[in-house]
Every structure is written in C-alpha cells, then in structure tokens.
Amino acid sequence: MNILQRFIVTLAACAALLGLAPAQAQTTTTTTTPPKVLVLYDQTSGTAWDKLGYGYAIMLRNLLGHFDATVQMMPVQQYTAGAVNAHDATFYLGALYDAPIPQAFLADAVTTTKTVVWFKYNLWQLAWDPAYNFTLNKGIELRGLAGLNAAPTSSDPNPGFYERVRYKGLSFDKYYKYDAVRNVVDADPDIGWVRIADTTKAQSVVTVQNPKRNTSAPYISRSGNFWYVADIPFTFIGPRDRYLVFSDLLHDMLGINHAFYHKAMVRLEDVGALVSVQAMKTLSDYMASKAIPFSVAAIPRYVDGLGTYNGGTPQEIHLSQATNLRTSLNYARSKGGEIVMHGFTHQYGAMRNPHTSVSGDDYEFWNIVDNKPFPEDSQAWVYGRLNQGLTDLKAHGFNPIAWEAPHYHTSATAARTAPQLFPKTYQRVVYYTADYPNFYASVGKDFSLGQFYPYTIHRDHYGQKVLPENLGNIEYDIREMDPTSFYNYTPDDIILNAKYAKTIRDGVASFFFHPFWLEPELGTPGFEDFKKTVEGITALGFTWVAPSKLR
C-alpha cells in the first residue's frame, strides 16, 4: 500500500435571511441570451502588484463561463468612451488603491442604462466628484474604507473587522490569520464603507458584520443597474466564504436566473496499479446499493522513478500489467462508475516532485519544487503524454469522460492543451497571469491563483469545460506513519461545506475520496466516514449525478 498516494486540497487559500434577494423595488430582467460582458481591471506601472487585478479578472471571467458569456478583458486605463453601452454588463475590479480611472469610464458608469458592477477600491473617484452627483443620483453614499479595528498584537491577535457576510441564513466569514512571530496578517480586511442614503433609489442586498463592534454595513449594494461590491470576493476563497455569495448573486447581476437544482458528485481518487481491489469493490458495491452514480480517477501508468517503494530499484507498471487496476475499473464500471483520466503517470521522471517520484504522490505537469513549468513544457510534450494515457485506457476498453490534472496543478500550456483530447475537466484549477510565469521578478511579478467552482463552468480562461469539485476530501492525521498526512478533515466538515454550497441556486456538492483509507493497517474509519458523508449530503436534498450528466 502506498500511504503517500493522496492529495490534500489546499488551493482555496493561495487561498440568509439578512442577505435577501433584491427588494421588490428592484426588478431583475431575466434573459436566456448569452451575455456580452466587459471586465475592466487596474494595471498601474512599476510595482510588484501590476498583474494582481488581471488575476482577479481571470477568476471573474471563469465564473462568467457558467453563463456562456462572451467576455472581453482589458485594463481600465485602456477604456474608451461608450464601451459600456456595447456590452450587456461591465465589471470593474478595483484591486489597486487609487489607481487612475479614465474620465470616460467614470462618466459612462453613471449615465449608462447597462449593468455596471464596481468592486472595492477607487469608487471615491466617482462618488466624491461633485460633477457626477453620485449620491444624489444613485442613493449610495461612500464613507471611505473600513479595515481592521486596530493593529493586531500578540495579546490581541484578532482585533476584528467587517468579516461576516450574512446570506440565506448562514454566515460566510472572511479568512483571517495573524502570524505573531512575523507580525503579519494573512487577510483582506478592507471594505468600501457605504451607506444607503436614499432607500427609494438603492438598497443593501447583502450585509457584512463587524462582530467585535456589533455593527453592520452593506456588502453588496444596488441602485437600479449599478451594483457595488465592498471588497474583492476572490481573495482567500474557501468553501464557506463570501465568494459563494457573489457566485450566486452573479445570476441577478447578469439577469440570468437559472432554475434551482442541486446536484452532487463523488469521485474515487488516485486509483492506480497498486489499488486494493477489495477496497474498490466495497466502495462500488455501496454506491450501487444506494443507486449513486460515481466516477473513478484512474492513473493509467504507474512509475516509481527512484524505487522508493521497490527497494531502490525504479519500477514501471503499464496498464497491460496492472491487474488490480483493470479489475477495479471493470468492477466499478459494472456498478455505474465512470472513468476520469488522472494524469498519465501522476509524477515526473526520477525527480522528487516534491515527495517520492511515485505515481499518485507527485506533480506531473508542474515543477512544484521550483514553482515553474518544466523545461520541456510545450503543447507537443503535454499532448504526447495525455494521448499516451488515453490510448492505453482505450486499448483496454476504458473511455474516460473527463480529465483531471495531478494535484489539480499544471502549466498554462498543459491546461490549454487538454481540451484537444478531453471534452471536459473535473477539478479545481490553477491559473496564471502569464503562460510562462516568472514568479521571482521584483517588479510586475506574475501570480498563480487557485480557483474552485460551485457550478459547472462551460468555458474557462484556458478553454476548458470544468466540472466542479468544491467540498474537499476526508483526511486523517497519521503523521506517525506518514509525515505528509498531518491533519483531519472529517465528514462533518464536508457536509457543512455542502450546506453552504446549497445557498447557490444551481450549486453542486462535489467531493472525492481515496480508497486506501479502507485498508486495515491504517486504522481509520474510512468506510464508515465515507458512508456518513454520502448520507449527509443526500439528507441535505442533493441529487447524485454522474459527471457525464452534469449540465
């Protein structure tokens, strides 16, 4: 048994009834026509943060892929008069403090009849300029910025801020962590602090609370076709974060009111040549007994590049030799399981990348040690590896319905190449502000951004159709046997995540599970916890669906 064959999902940190739908005075026009959307972002010159706004624009563009939107992205500094009127909706991501905004956009933002959504910073350039009569016309008064209540200290590490967004009866808390040793805060505490000055013209759609001061403020405000979001909901995202609130209200901002439905998916993960046939049969039988469709993430070729688990002798097992894998896949398929191709070898050569060079342990299409693409990274190299895995699977009668990147992490080139062979991907995704990023430049550095989805994305920034995995996976602290597995993530955690996912009108609850947790030598209640998770998600009212059937 390969104890290290697991992936701990950590991309999220790279990562209602107080938040009612728009009031009756505000009506939302519903349309089924794919919208034409303009996404504007800040791009200053000469700082290390130049590409941050572009990164957030990529994340917004991805969510817009749920609505089949045609999206144009550009720096707001390149805006030309009248552009908002050529689009159904315009989103401005105010990510950089006091970044200059063209007068043409300011004028258009207050006069257009098309939808405008403004995020966080720089609203003062519009709201405090008497030429635009913003408060009088929109009914929204900008007071300024609100951040931490006080500077954190070792004796008061969390002084508080506007951190709790209320929506559909749940609290969506913004991420906060204080490092007392370095005196550094990991958080995005600032919000644009507004009040509703004229309730006949504007409303607070969703509120955000400051628990330490027992005060609240509008988090998302609306005045007709003008929306204001008090922060950037793409920072420090997680499965119970205000990112979900925005993802749901995006329907209203676009005027596309998808039907309410809630689907669930489950995937058996890292199934390779050394998989336990008994564990796979136990799990497959259980799901068949509950009439639950599922999928299996299969690694076509097993490689132990350094002989880590083979007495120092490198080992390679092709699918034709992988009796356990073929038996498990055939059995799962007979019980309603679908196949997802999970990398080709799910590791890279004879390199510890970063753990063992063994399939299932390591990254395949990204040098995680140096945080950069591999030297051979190219469309031809990626295509060759993907095609070889696909060919091997098909030669034995397995037709994968989707692709899943090893550890959800590839180069931009690999992400752009996968759609040539697979109609969809089933995962979380890492995006970059350049196809060949340089993370070490002191000025204008590139960013990587991990993003999960609460619903299907029909086309993302890389041209992929993305099926969501948004709940995480069961983990146990077995550091005595494996130092890389050092924390617990329980069925209760996953079920709670699903409860939050259900606040989205067409939200999906999707998790994965490693069959090796059923192996007796680990001493974990893996099977019981798996059943508890499935039953808990079912009890919330989700309907289980095969990934090939998710719309």
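Structure shown above.
Residues numbered from 1 in each chain as written. Predicted model: local features only at pLDDT ≥ 70, side-chain atom pairs only at ≥ 80, totals over all residues. Heavy atoms only, no water.

1. Section: the overall build of the chain
The helix and strand tally for the chain stands at 11 helices and 26 strands. Here the C-alpha atoms of the chain give a radius of gyration of 24 Å, agreeing with the 24 Å that 2.2 N^0.38 yields for 551 residues. By its C-alpha atoms, the chain is 75 × 55 × 50 Å across when sized along the principal axes. Considering the chain as a whole, with its 551 residues, one finds that 60% of them fall into the buried category. Working note: accessible area of the chain is about 20,300 Å², and carbon and sulfur atoms make up 51% of it. (Helix = DSSP H or I, 4+ residues; strand = E, 2+ residues; numbered from the N terminus. Rg over C-alpha atoms; globule rule 2.2 N^0.38 Å. Buried < 20%, exposed > 50% of the residue type's maximum accessible area, 1.4 Å probe, protein only. Areas by Shrake-Rupley, 256 points an atom, 1.4 Å probe, with all protein chains shown as cover.)

2. A look at unusual backbone geometry
The residue after Asn 353, namely Pro 354, is reached through a cis peptide bond having omega 5°. Summarising the element assignment, Pro 354 is placed in the loop between strand S18 (337–342) and helix H8 (379–395). In this structure, His 407 takes a positive phi of about 55° despite not being glycine. By the secondary structure assignment, His 407 is in the loop between strand S19 (402–404) and helix H9 (412–417).

3. Some words on the packing of aromatic side chains
Counted under the stated rule, the structure contains 40 aromatic pairs. Between the aromatic rings of Phe 365 and Trp 403, the centroid separation amounts to 6.0 Å while the plane-to-plane angle is 70°, which identifies the pairing as edge-to-face. Highlighted residues: Phe 365 in the loop between S18 and H8 and Trp 403 in strand S19, separated in sequence by 38 residues. Each of the two residues, Phe 365 as well as Trp 403, counts as buried. Summarising the aromatic geometry, the rings of Phe 486 and Tyr 487 are spaced 6.1 Å apart at their centres and angled 55° between planes, so their arrangement reads as tilted. Look at Phe 486 and you get partly exposed, because its relative accessible area is 46%. Following the ring pairs from residue to residue traces out a cluster consisting of Phe 91, Phe 119, Phe 234, Tyr 243, Phe 246 and Phe 452. We note Arg 143 situated over the ring of Trp 193; from NZ or CZ to the ring centre the distance is 5.0 Å. Lys 281 extends its terminal NZ or CZ atom over the ring of Tyr 331, reaching a point 5.3 Å from the ring centre. (Phe/Tyr/Trp six-rings, centres within 6.5 Å; stacked < 30°, edge-to-face > 60°. Lys NZ or Arg CZ within 6 Å of the ring centre and 35° of its normal.)

4. Looking at the pattern of salt bridges
In this structure the tally under the stated criterion is 23 salt bridges. When the shortest N-O distance is used, the salt bridge between Glu 141 and Arg 195 registers 2.4 Å. Linking Glu 141 in strand S5 (residues 140–146) with Arg 195 in strand S10 (residues 191–196), this pair joins segments that are 54 residues apart in sequence. When its relative accessible area of 26% is taken as the criterion, Glu 141 is described as partly exposed. (Salt bridge = Lys/Arg side-chain N within 4 Å of Asp/Glu carboxyl O.)

5. Structural notes on helix H7 (residues 323–334)
With 12 residues, H7 extends 17 Å from end C-alpha to end C-alpha; this agrees with the ideal 16 Å at 1.5 Å per step. For H7, every residue scored as buried is listed here: Leu 325, Ser 328, Leu 329 and Ala 332. End-on, the buried residues of H7 take up no more than an arc of 95°, which puts them together on one face. Elements in contact with the buried residues of H7: strand S14 (263–271), helix H6 (277–289), strand S15 (294–298) and S18. At the C-terminal side of H7, Gly 336 shows a positive phi close to 100°. (Expected span 1.5 Å × (residues − 1). Arc of directions from axis to C-beta. Contact = heavy atoms within 4.5 Å.)

6. Topic: the nonpolar core
Ranked by size, the top nonpolar core spans 94 residues in total, and within it Phe 91, Phe 105, Trp 118, Leu 126, Phe 234 and Leu 250 carry the most contacts. The residues contacting Trp 118, other than those within four sequence positions of it, are Tyr 92, Ile 101, Phe 105, Leu 106, Ala 109, Leu 123, Leu 126, Phe 226, Trp 227, Tyr 228 and Val 229. Listed in part, the 57 residues of the second largest apolar core include Tyr 286, Tyr 302, Ala 418 and Ala 509. (Core = buried A, V, L, I, M, F, W, Y, C linked by side-chain atoms within 4.5 Å.)

7. So, the sheet that holds strand S4 (residues 115–120)
Reading across the sheet, the 9 strands line up as S2-S1-S3-S4-S13-S12-S11-S6-S7 and stay open at both edges, with mixed pairing between neighbours. The strands lining the two open edges of the sheet, one partner per strand, are strand S2 (70–75) and strand S7 (170–173). Taken pair by pair, the neighbouring strands of this sheet meet at an average axis angle of 25°, ignoring direction. In this structure, strand S12 (residues 215–223) lies alongside strand S13 (residues 226–229), joined through 4 bridges in antiparallel fashion. Paired with Ile 220 across the strands is Val 229, a residue of S13. Sitting on the sheet, helix H1 (residues 52–64) touches strand S1 (36–41), S2 and strand S3 (89–94), and the angle it makes with S1 is about 160°. Helix H2 (residues 103–111) rests against S1, S3, S4 and S13 of the sheet, and its axis sits at about 120° to S4. (Pairing = 2+ DSSP bridges. Axes fitted to C-alpha atoms, helices over the stretch in contact; angles between N-to-C directions.)

8. A look at the side chain of Asp 506
Along the chain, Asp 506 falls in the loop between helix H10 (491–501) and strand S25 (508–513). Buried and unpaired, Asp 506 has Arg 505 as its nearest opposite-charge partner, separated by 5.8 Å. Reaching out from Asp 506, the side chain makes a polar contact with the side chain of His 258 at a distance of 2.9 Å. (Lys, Arg positive; Asp, Glu negative; His and termini not counted. Polar contact = N/O pair within 3.5 Å; in protein donor to acceptor, adjacent residues only side chain to side chain.)

9. Brief notes about the environment of Ser 510
With respect to the element layout, Ser 510 can be found in strand S25. Among residues more than four places away in sequence, those in contact with Ser 510 are Met 265, Tyr 426, Pro 468, Glu 469, Asn 470, Leu 471 and Gly 472. Engagement of the side chain of Ser 510 in a polar contact is seen with the backbone oxygen of Pro 468, the distance being 2.7 Å.

10. Here we look at the packing of H6 against H7
Two elements in contact, H6 and H7, have axes separated by 9 Å at closest approach and are oriented at 10°. Accordingly, the angle class assigned to the pair H6 and H7 is roughly parallel. Touching Val 277, Met 280, Lys 281, Ser 284 and Asp 285 of H6 are Asn 324, Thr 327, Ser 328, Tyr 331 and Ala 332, all from H7. Residue composition of the contact of H6 with H7, by class: 4 nonpolar, 4 polar and 2 charged. (Parallel < 35°, antiparallel > 145°, perpendicular 65-115°, else oblique. Nonpolar A, V, L, I, M, F, W, Y, C, P; charged D, E, K, R; others polar.)

11. Looking at H2
Quick reminder: α-helices carry 3.6 residues per turn. Residues three or four places apart thus point the same way. Among the residues of H2, Phe 105, Leu 106, Asp 108, Ala 109 and Val 110 are the ones counted as buried. For H2, the secondary structure elements touched by its buried residues are S1, S3, S4, helix H3 (124–127), helix H4 (134–138) and S13.

That is the geometry; function is a separate question.
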